[in-house]
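Observations on the model geometry
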Amino acid sequence: MKKILEIILMAVVIGLSVTACSTQNAATGVQNVGRGKFTGTWTVSNVSYEGLIESAVSNVFDEARPSAFVGSTWKLTNSGNGMYTLSSGVSQTIFWSVNNTGAQGQMFQFKKIFEGDKAKNVQQGYQLLVSNNDGNSMVLKTPVAIGSSTGYVVYTFNKQ
């Protein structure tokens, strides 16, 4: 009996060790993806809402309504420089990065860069939870506080 308990205990310890060392994101179930999967030119094909009604969010990224980002093009270089252009023609230079240490999981983050700005001096930015990125399509979510819970504006990107 004692031998069986030792074997069961050893199996539990090994199982816990394997799960503790996993790179899987606890909040989304998605593994952290490398920076290279973010680089390239992306188009937002859809904007949807989780735990929110569409009219609850009137402005995202201090730029426009979420729906204005459908059809927008995002160009992301490996150096962190980038730009997004809305269908209306409005363009914004950005500096982007990926944060793998966020409490919610892997985050895509960016700062708006205006003429004369240096990215290191810009303090304000935006973070989106990485829900999926296989290198050809990606889903990013902007968290929105709703009382004591969180809803999301969900952006679906397709690589060009």
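Reading guide: rules and limits
- Residues numbered from 1 in each chain as written.
- Predicted model: local features only at pLDDT ≥ 70, side-chain atom pairs only at ≥ 80, totals over all residues.
- Heavy atoms only, no water.
- Helix = DSSP H or I, 4+ residues; strand = E, 2+ residues; numbered from the N terminus.
- Buried < 20%, exposed > 50% of the residue type's maximum accessible area, 1.4 Å probe, protein only.
- Areas by Shrake-Rupley, 256 points an atom, 1.4 Å probe, with all protein chains shown as cover.
- Phe/Tyr/Trp six-rings, centres within 6.5 Å; stacked < 30°, edge-to-face > 60°.
- Lys NZ or Arg CZ within 6 Å of the ring centre and 35° of its normal.
- Pairing = 2+ DSSP bridges.

This part takes up the overall build of the protein chain. Within the protein chain, the secondary structure is distributed over one helix and eight strands. In sequence order, the protein chain lays out its α and β elements as α-β-β-β-β-β-β-β-β. A total of 160 residues make up the protein chain; the buried ones form 34% of that total. Carbon and sulfur atoms make up 55% of the accessible area of the protein chain, which totals about 9,200 Å².

One pass over the structure, following the stated rule, counts 17 aromatic pairs. Taken together, a centroid distance of 6.5 Å and an interplanar angle of 80 degrees make the contact between phenylalanine 69 and tyrosine 155 edge-to-face. With phenylalanine 69 in the loop between strand 1 (40-50) and strand 2 (73-76) and tyrosine 155 in strand 8 (residues 149-159), this pair connects stretches of sequence that are 86 residues apart. Centre to centre, the rings of tyrosine 84 and phenylalanine 110 are 6.2 Å apart; their planes meet at 80 degrees, and the pair counts as edge-to-face. Taken together, the residues tyrosine 84 in strand 3 (residues 81-85) and phenylalanine 110 in strand 5 (residues 107-112) connect sequence positions 26 residues apart. As far as the burial class goes, tyrosine 84 and phenylalanine 110 line up, both buried. These aromatic residues form a ring-pair network of at least three members: Phe38, Phe61, Phe69, Trp74, Tyr84, Trp96, Phe108, Phe110, Tyr126, Tyr155 and Phe157. Across the ring face of tryptophan 96, the terminal group of arginine 35 is positioned such that the distance to the ring centre comes to 4.2 Å. Here the basic side chain of lysine 141 rests over the ring of tyrosine 152, its NZ or CZ set 5.4 Å away from the ring centre.

To continue, consider the pairing of strand 7 (residues 137-146). Of the pairings in the sheet, the one linking strand 6 (residues 126-133) to strand 7 comprises four bridges and is antiparallel in character. Considered in strand 7, the bridge of valine 130 is made with leucine 140. Between the end of strand 6 and the start of strand 7, which pair antiparallel, lie three residues, with glycine 135 showing a positive phi angle near 95 degrees. Where strand 7 meets strand 8, 10 bridges bridge the pair, whose relative direction is antiparallel. Bridged to leucine 140 within strand 8 is tyrosine 155. Counting the residues that bridge the hairpin from strand 7 to strand 8 gives two residues, and of these glycine 147 lies at a positive phi of roughly 60 degrees.

Here we take up the pairing of strand 5. Summarising the sheet, strand 4 (residues 91-99) and strand 5 pair through six bridges and their orientation is antiparallel. Residue pairing across strands places phenylalanine 95 opposite lysine 111, the latter belonging to strand 5. Taken together, the four bridges between strand 5 and strand 6 define a ladder with antiparallel strand orientation. By the bridge assignment, phenylalanine 110 is partnered in strand 6 with tyrosine 126.

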